[in-house]
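Fold and contact review
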Amino acid sequence: MKSDIVIIGGGPAGLAAAEASRKNGVDDILILERDSRLGGILNQCIHNGFGLHTFREELTGPEYAARYIEKAEVLNIPFMLNTMVTDLKSNTDGTKTVTAMNKDRGIFNIEAKAVILAMGCRERSRGAMNTPGFRPAGIYSAGTAQLYVNIEGRMPGKKAVIMGSGDIGLIMARRMTLEGADVKCVAEIMPYSGGLKRNIVQCLDDFGIPLLLSHTVIDIKGTKRVEGVTIAKVDDEMKPVAGTEQFIECDTLLLSCGLIPENELTRKLGAAIDPKTNGPYVDECLETDNKGVFACGNVLHVHDIVDHVSEEAEHAGRNAAEYIKNGSCEKASGKGIVESSKKNVFRPGEKDDKITCICCPKGCEMTVGYDSDGNVTVSGNSCPNGNKYAVQELTSPVRTVTSTVRITGGVYDTVSVKTREPVPKDKMHECILALKDIEVKVPVHVGDVIIKNAAGTGIDIVASGNATAV
């Protein structure tokens, strides 16, 4: 089996790279995806906030993925699902051998002229953090909990502590709260949050969930099931400070302590790895030190937002196409790696006249007040959206609600939904409750109305993902 370009990974990076390669003149492209559908991690990221740069509108993860899947279908780009790549080798003639396996073909080889690595990343495990205590049930990575709640429709627990303030952990604090869990706190070992400031505002502050900076879990109680955790403040050397210990009763501990690029295949290939990013070294064309092998997305370095992943992947796809046509890519024309946005550092103790904008990941910190006529005044915003948001937040704050509903006759148990427009903050729980007993028959398409006039808001809840029959 042969292909000009093999793309390993059918998530946002792989899909964007495939589109760019096809549009730049390469017809023989093959995407290999280990999951049962394209879209990668976006399928379980049902929250909004995606697509502000790429599509100039705010989408949920499934909606963002659907846009790129549709592009791949229009361009007739072939892909294999449920296919695991097990090995990658470089041959003496410059070609690459990709070894993969699935239930239909067994183990098979693909000879490729070029390969684009788009395997994404994985969560840091508890073992990597050396957390003491037994290994009882109730300890999950935040991403696993997200899979349970958003894809399988089941809750991991009722009382939760979240260790680490990465974006997935912050988002799961809100998600579990809306689904009825009691999230006790988020403990972060660093003196600042590891997530975007906008997520602290809309996932913690909105629900009164404490963020304990310079704190970590030092003990886990329970043998069969988590019964509680002991957290303590840490000093500048990350060591627990005696006398600051506090026990928190809970049945669930979620770990949100960082992501690691998936580079086992990259190492098998023999490509050099940057110890700072845990991704391969690349030049301005995103080509590794192994000629004809390109890398993009979270396999290269962990990004804050998916829009940057797509932009970077398009660059890799263009250069891979140029490599196929000319035997090399033009280094001088390369845009280089797209740097992820700098994280916004959370600073506790801010004054009441400070508002953090949640319109985009930049998270502008604005100063608000009132003039002599009682009109809201805003400063510190970098775009008009900030001014609009501040006025809305002071007068009648609103949020987009995202959740899931159960489906019958589908491949999966649930499909993601959202309010078509933001609803008043005090109506969020009512919208979630309105979905509790809803069951929808397949097929379901993005935009289908699930509930009209949810919670009396005048706003419909619509599907934000697609669901097909078994």
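Everything discussed here concerns the structure shown above.
Residues numbered from 1 in each chain as written. Predicted model: local features only at pLDDT ≥ 70, side-chain atom pairs only at ≥ 80, totals over all residues. Heavy atoms only, no water.

Right, let's get into the overall build of the chain. Looking only at helices and strands, one finds 10 helices and 31 strands in the chain. On C-alpha atoms alone, the chain measures out to a radius of gyration of 23 Å, which is about the 23 Å that the 2.2 N^0.38 rule sets for 470 residues. In terms of overall dimensions, the chain has C-alpha extents of about 70 × 55 × 50 Å along its principal axes. (Helix = DSSP H or I, 4+ residues; strand = E, 2+ residues; numbered from the N terminus. Rg over C-alpha atoms; globule rule 2.2 N^0.38 Å.)

Attention now goes to the pattern of salt bridges. What the rule picks out here adds up to 22 salt bridges. Of the charged contacts in the structure, one is a salt bridge between K71 and E19, with a shortest N-O distance of 3.7 Å. You can see K71 sitting in helix 2 (residues 61-74) and its partner E19 sitting in helix 1 (residues 12-23), a full 52 residues away along the chain. K71 gets classed as partly exposed once you look at its relative accessible area, which sits at 27%. Here E19 falls in the buried class, since its relative accessible area comes to 7%. Between E393 and R399 there is a salt bridge whose closest N-O contact spans 3.1 Å. With a relative accessible area of 18%, E393 lands in the buried category. A residue is classified by how much of its surface remains accessible, and R399, at 4% relative accessible area, is buried. The network of salt bridges with common partners includes R34, R122, E262 and E264. (Salt bridge = Lys/Arg side-chain N within 4 Å of Asp/Glu carboxyl O. Buried < 20%, exposed > 50% of the residue type's maximum accessible area, 1.4 Å probe, protein only.)

Let's shift gears to helix 5 (residues 167-178). With 12 residues, helix 5 extends 17 Å from end C-alpha to end C-alpha; this agrees with the ideal 16 Å at 1.5 Å per step. When helix 5 is considered as a whole, its buried residues turn out to be D167, G169, L170, I171, M172, A173, R174, R175, M176, T177 and L178. Positive backbone phi, at 105°, marks G180, one or two positions downstream of helix 5. (Expected span 1.5 Å × (residues − 1).)

If a strand is regular, its side chains alternate between the two faces of the sheet. The alternating pattern of strand 17 (residues 252-255) places T252 and L254 on one face and L253 and L255 on the opposite face, and all of these are buried. As judged from the three bridges shared by strand 10 (residues 139-141) and strand 17, these two strands associate in the parallel manner. From the neighbouring strand, Y140 faces strand 17, where its bridge partner is L254. Both strand 11 (residues 159-163) and strand 17 contribute to a ladder of four bridges, which runs parallel. Each bridged residue has a counterpart across the sheet, and for I162 the counterpart in strand 17 is L254. (Pairing = 2+ DSSP bridges.)

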